[in-house]
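Results of the structural survey
Residues per chain are reported as follows:
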Amino acid sequence: MPDSTYETTAAFHELLDFIRDGDHLFLEGPRAATDDVSVLEGYRWLPQILAVALQCYVWADPAHPQIVPIVGPDMKWGGDNSDAYYRFAPIDPKRTYRVRGRRGDAVYLSLTVYGGPDDGRWSTRLVGTINDRTLDFDDEGNFEVVLGPDEHPGNWVRLDDDAVAVLTRDYLVDPVHDRQATWSIEVDGDVPPLRLTDVELAARFRHATNFLRELTGIFPIALDDTKFNTVDEPYAQPQVTYGWAAGDAAYAMGSFDLDDDQALVVEGRAPKCAFWNLCLWNPFLQTYDYRYEQVTINGGQVRYEPDGSWRVVIAARDPGVPNWVSTAGHRRGRIWFRWFLAESLPERPTARVVPVGSLAN
């Protein structure tokens, strides 16, 4: 008969208990949802982040790495968007890895190594980044990047002692029809088969719980009533970070609060950059469902003004003008900008509320 006392049993039940009680975050307290739409999104969000936690911390193994998607239409979390594909692999800083791929139609492509705790808590700094402006490609768009503690010729990212994960990004102007980048990863040297002990598997479940605890410590994010219908000053991503932000991006956040007959007109200029977009998010930092509605827009989709500026209109219904982004049934929500490889820090976008009917005149 097997031993009736397993460390994994306790760790597994801790994870299940955490998910079971997770809805209190959006049902009560200072971060409670303010509408039915957000409550239902919260119930969809919990199993989605559980899937990410299992993928990254229970199934994944740094000695037998696979580079797996962690964002998509049914796996929305942490500030996803409709134009990007993100992939993840855990790494051991003492090992050497080879990441291979093909660019496809990506207008921006990068690989970032993150450092920090190795127990499922979020990373605390950027160890190194390499992007398509610094990568060496062959004539067909293929590339290889070495990740390791020892210097290598060509594309190489040093693994410092606290390196724990690698995240890849590829951004497409037309994510429906453009070709995604392809990625694979392998570890150098002979590695024995994976045979987890009770203690090791229990640790993996606890790492997954730690990941969820970190996420739910931040999300859902309560909106600031004093800052509705504005956009904050853009900022460049610092090297000391919390989570998995891109090292060569600038960001800006805003929010909206609109009646059905109101629109938020957001105007600005984008510096020369590889890619930029605007996304609408719910309190869990999920994009609205971009499979069915235009809830994000990027710099390749925007219709620009003759002077090179742009104007995006956020509204519940189509105002009959270019660059409409739908609120998708949300009265309130987050606005998020990102600019990759911008030549300068973007100017702060302006925002003003107008009647929807006034825009088509």
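So, here's what we can say about the structure. Each residue is numbered by its place in its chain's sequence as written, counting from 1. Owing to the predicted nature of the model, reporting of local features is limited to residues with pLDDT of at least 70; listing and counting of side-chain atom pairs is limited to 80 or more, with chain, interface and lining totals taken over all residues. Note that the side-chain values use all heavy atoms of the structure and ignore hydrogens as well as water.

The way it works is that DSSP assigns letters per residue, a run of H or I at least four long becomes a helix, a run of E at least two long becomes a strand, and they are numbered from the N terminus. Looking at where Pro 349 falls in the secondary structure, it is placed in the loop between strand 18 (332-340) and strand 19 (350-355). Pro 349 gets classed as buried once you look at its relative accessible area, which sits at 5%. Between the C-alpha atom of Pro 349 and that of Asp 198, which follows or precedes it by 151 residues, the distance is 53 Å. Relative accessibility decides the category of a residue: with a 1.4 Å probe and only protein chains considered, values under 20% of the type maximum give buried, values over 50% give exposed, and everything between is partly exposed.

Bringing the pairing of strand 18 into the picture now. Across the 9 residues of strand 18, 8 count as buried, placing the element largely inside the fold. Should DSSP find at least two bridges between two strands, the strands are regarded as paired. Relative to strand 18, strand 12 (residues 249-257) runs antiparallel, the two sharing 9 bridges. Opposite Ser 255, over in strand 18, you have Arg 334 as the bridge partner. The pairing of strand 14 (residues 275-281) with strand 18 spans 7 bridges and is antiparallel. Looking across to strand 18, one finds that Cys 279 is bridged to Trp 336.

Quick look at the nonpolar core now. Think of a nonpolar core as a cluster: buried Ala, Val, Leu, Ile, Met, Phe, Trp, Tyr and Cys residues, connected wherever their side-chain atoms sit within 4.5 Å. Counting residues in each nonpolar core, the largest one holds 50 residues, and the members touching the most others are Ile 70, Trp 77, Phe 211 and Trp 244. In terms of residue count, helix 3 (residues 36-59) provides more of this core than any other element does, 10 residues in total. Contacts are assigned to residue pairs that have any heavy atoms within 4.5 Å of one another. Beyond its immediate stretch of four places on either side in the chain, Trp 77 contacts Trp 45, Ile 49, Val 52, Ile 70, Val 71, Trp 122, Phe 211, Leu 215, Trp 244, Leu 285 and Gln 286. One finds Ile 130, Leu 147, Val 166 and Ala 181 within the second-largest nonpolar core, a separate group that totals 25 residues.

So, on to the sheet that holds strand 1 (residues 68-69). If you trace the 5 strands from one edge of the open sheet to the other, you get 1-2-8-4-5, paired in antiparallel fashion. Each of the sheet's edge strands pairs with one partner strand only, and the pair in question is strand 1 and strand 5 (125-131). Here strand 1 pairs with strand 2 (residues 84-90) via 2 bridges, running antiparallel. Note on strand 2: the bridge partner recorded for Val 68 is Phe 88.

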